[in-house]
Amino acid sequence: MEMRYPTKFLWLLMFLDNAPLSYEKSMKEQAIELMQHARLIDGHNDLPLRLRIFYQNKLSRVNLRELNRTHTNLVKLQAGYVGAQFWSVYVLCSAQNKDAVRLTLEQIDVVKRMCNSYEELELVTTSEGIFDSRRIACLIGIEGGHSIDSSLATLRMYYDLGVRYMTLTHSCNTPWSESSSKGIHNFYPSVIGLTAFGQEVVKEMNRLGMMIDLSHTSYSTAKDALNISKAPVIFSHSAAFSVCNHSRNVPDDILQELKKNRGIIMVTFHADVLACGRKAANIYTLADHFDHIKKIAGPESIGIGGDYDGVENFPEGLEDVSKYPALIEELLRRGWSNTELKGVLRENFLRVFREVERVQNTIGLMDVGESEILQEEVQNSCRLDLRNHQPQTARSFGFPSVAQPFSLMLVPVSYLILYYKL
């Protein structure tokens, strides 16, 4: 017997069949609309390193609107609704005790020239500058405490040049701070956490209004910095240790301390620290880290630090900086509210930056840090110790009063002798 369905029932079946498709579309549209009104502040991008490697920092040789050798170009940033970008100033750990300061200055220079060369970009140094910018706001973060060569004066000069955060370590210990990476470099293996001088670095960063970045730091360094800092701290590109037990990631107890500190972890997109090599990483892998951190530290403790152009492997569906909306779409699908996602995109970071500036205004009138690292703590034969330096007086022929004019008189006499010999 042939069954007949009422016309209204057939329409209902068609609607239900198409419902998942329209639901997917609405999630995507909702994510884009949200990002149009709350453009992303991303905590970490290594394009400046690629500019050095590929073009030796010669910006005249590259068009950043069309660059296709990297995860980042200006068109992709706009497609990803990026409103502000911290550009990483990074020099290799192998430059420690050598020319790290020179290389750091060159990377600051290329960031500033880049941001002043394109109308899409605008160099800013304050939370207000980010808030007011109608372009892609450019900010500078130094990745690795070896860049200051154990000098508070160098730290201050970097701040004057526009640097607004510094990662205390990279993959190497400094004389005053311990890295989370073991066995990559052999610098200062006996350092644990922050030394006395390392604590002075944190205090001086508070006084300056420079954000303290704990990505790449060891458990002990992060713990010490959280105990000392009077301002919120950041992890500019890290993930959750409980989801992937990589040394780069942040354990739950540190996440809880971060919540008390009112700081944020800006979650990285680096596939190797998201999935620990157990499987191919995708958007769901990344979203699991967001969900876990939200559970432990709350949505107000989370931001985004993609680490594009700093590493090679990214989750499927997040291959470059144009793909940020895909993450927001997935978090919406998981039940994150618009208010929570506005926080993740920018409001949480702006709160932290404003609080860092408030602490600066409160303690900035305190005495400038003048501590110096002990000479024996720095294993660098090229470092001069001027504390006991005695100026040397030149002695010529035992007649200091006549030595200089006499030696100067010898010069024309020598030329005369040569002339007549010829």
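Please read these numbers as outputs of a predicted model, since none were measured by experiment.

## Regarding the pattern of salt bridges
Then step 1. Inspection of the entire model under this criterion finds 22 salt bridges.
Then step 2. The residue Glu 204 makes a salt bridge to Arg 156 at a minimum N-O spacing of 3.0 Å. Of the two residues, Glu 204 sits in helix H7 (residues 196-208) while Arg 156 sits in helix H6 (residues 152-160), which places them 48 residues apart along the sequence.
Then step 3. Exposure remark for Arg 156: the relative accessible area of 18% places this residue in the buried category.

## Brief notes about the layout of surface pockets
Then step 1. Empty space within the largest pocket amounts to approximately 350 Å³.
Then step 2. Taken together, 21 residues make up the lining of the largest pocket; nearest its centre are His 170, His 216, Arg 248, Gly 310 and Val 311.
Then step 3. Sorting elements by how many residues they give to the lining of the largest pocket places helix H2 (residues 47-55) first, with three residues.
Then step 4. One number sums up the size of the second largest pocket: a volume of about 250 Å³.

## Regarding the side chain of Gln 96
Then step 1. Checked against the element boundaries, Gln 96 lands in the loop between strand S2 (82-89) and helix H4 (100-117).
Then step 2. A distance of 3.1 Å separates a polar side-chain atom of Gln 96 from the backbone oxygen of Asn 173.
Then step 3. Sequence-distant contacts of Gln 96, that is, excluding residues within four places in its chain, are made with His 146, Cys 172, Asn 173, Thr 174, Pro 175, Phe 187 and Tyr 188.

## Re the packing of aromatic side chains
Aromatic rings considered in pairs are described by the distance between their centres and by the relative angle of their planes.
Then step 1. Counted by the stated rule, this structure contains eleven aromatic pairs.
Then step 2. Arranged with centres 6.4 Å apart and planes meeting at 25°, the rings of Phe 187 and Tyr 188 form a pair that is stacked.
Then step 3. The exposure class of Tyr 188 is buried, given its relative accessible area of 3%.
Then step 4. Both rings, one in Tyr 308 and one in Phe 314, keep their centres 4.5 Å apart while their planes meet at 20°; by these two values the pair is stacked.
Then step 5. What makes Phe 314 buried here is its relative accessible area of 13%.
Then step 6. Grouped by ring-pair contacts, the aromatic residues Phe 86, Tyr 165, Phe 349 and Phe 353 constitute a single cluster.
Then step 7. The residue whose ring lies beneath Arg 69 is Phe 54, and the NZ or CZ to ring-centre distance is 4.0 Å.
Then step 8. The aromatic ring of Trp 336 is capped on one face by Lys 294, whose charged end is 4.4 Å from the ring centroid.

## A look at the pairing of strand S8 (residues 264-267)
Then step 1. By the alternation rule, side chains of S8 split into Ile 264 and Met 266 and Ile 265 and Val 267, which are all buried.
Then step 2. Across three bridges, strand S7 (residues 234-238) lies against S8 in parallel orientation. If you follow Ile 234 over to S8, its bridge partner there is Ile 264.
Then step 3. On the question of chirality, the crossover connecting S7 to the parallel S8 by way of helix H9 (residues 252-261) is right-handed.
Then step 4. Alignment of S8 against strand S9 (residues 302-304), held across three bridges, turns out to be parallel. The residue bridging Val 267 from the neighbouring strand is Ile 304, located in S9.

## A closer look at the state of the cysteines
Then step 1. All told, the structure shown has three disulfides when counted by the stated rule.
Then step 2. One disulfide bridge connects Cys 93 with Cys 172, the sulfur atoms lying 2.1 Å from each other. Between Cys 93 and Cys 172, the S-S torsion sits near -80°, and that sign places the bridge as left-handed. Placement of Cys 93 in the loop between S2 and H4 and of Cys 172 in the loop between strand S5 (163-167) and H7 is noted, with a sequence separation of 79 residues between them. Grouping residues by exposure puts Cys 93 and Cys 172 together as buried.
Then step 3. Cysteine pairing for the protein, with bonded cysteines counted in sequence order: 1-4, 2-3, 5-6.

Here is what the cut-offs are and how they apply
- Residues numbered from 1 in each chain as written.
- Predicted model: local features only at pLDDT ≥ 70, side-chain atom pairs only at ≥ 80, totals over all residues.
- Heavy atoms only, no water.
- Salt bridge = Lys/Arg side-chain N within 4 Å of Asp/Glu carboxyl O.
- Helix = DSSP H or I, 4+ residues; strand = E, 2+ residues; numbered from the N terminus.
- Buried < 20%, exposed > 50% of the residue type's maximum accessible area, 1.4 Å probe, protein only.
- 1 Å grid on protein atoms, 1.4 Å probe; cavity = no way out; pocket = protein on both sides within 12 Å on 5 of 7 lines; lining within 4 Å.
- Points joined across faces, edges and corners; volume = space filled by probe spheres on them.
- Polar contact = N/O pair within 3.5 Å; in protein donor to acceptor, adjacent residues only side chain to side chain.
- Contact = heavy atoms within 4.5 Å.
- Phe/Tyr/Trp six-rings, centres within 6.5 Å; stacked < 30°, edge-to-face > 60°.
- Lys NZ or Arg CZ within 6 Å of the ring centre and 35° of its normal.
- Pairing = 2+ DSSP bridges.
- Right-handed = clockwise from strand over helix to strand, strands pointing away.
- Disulfide = S-S within 2.5 Å.

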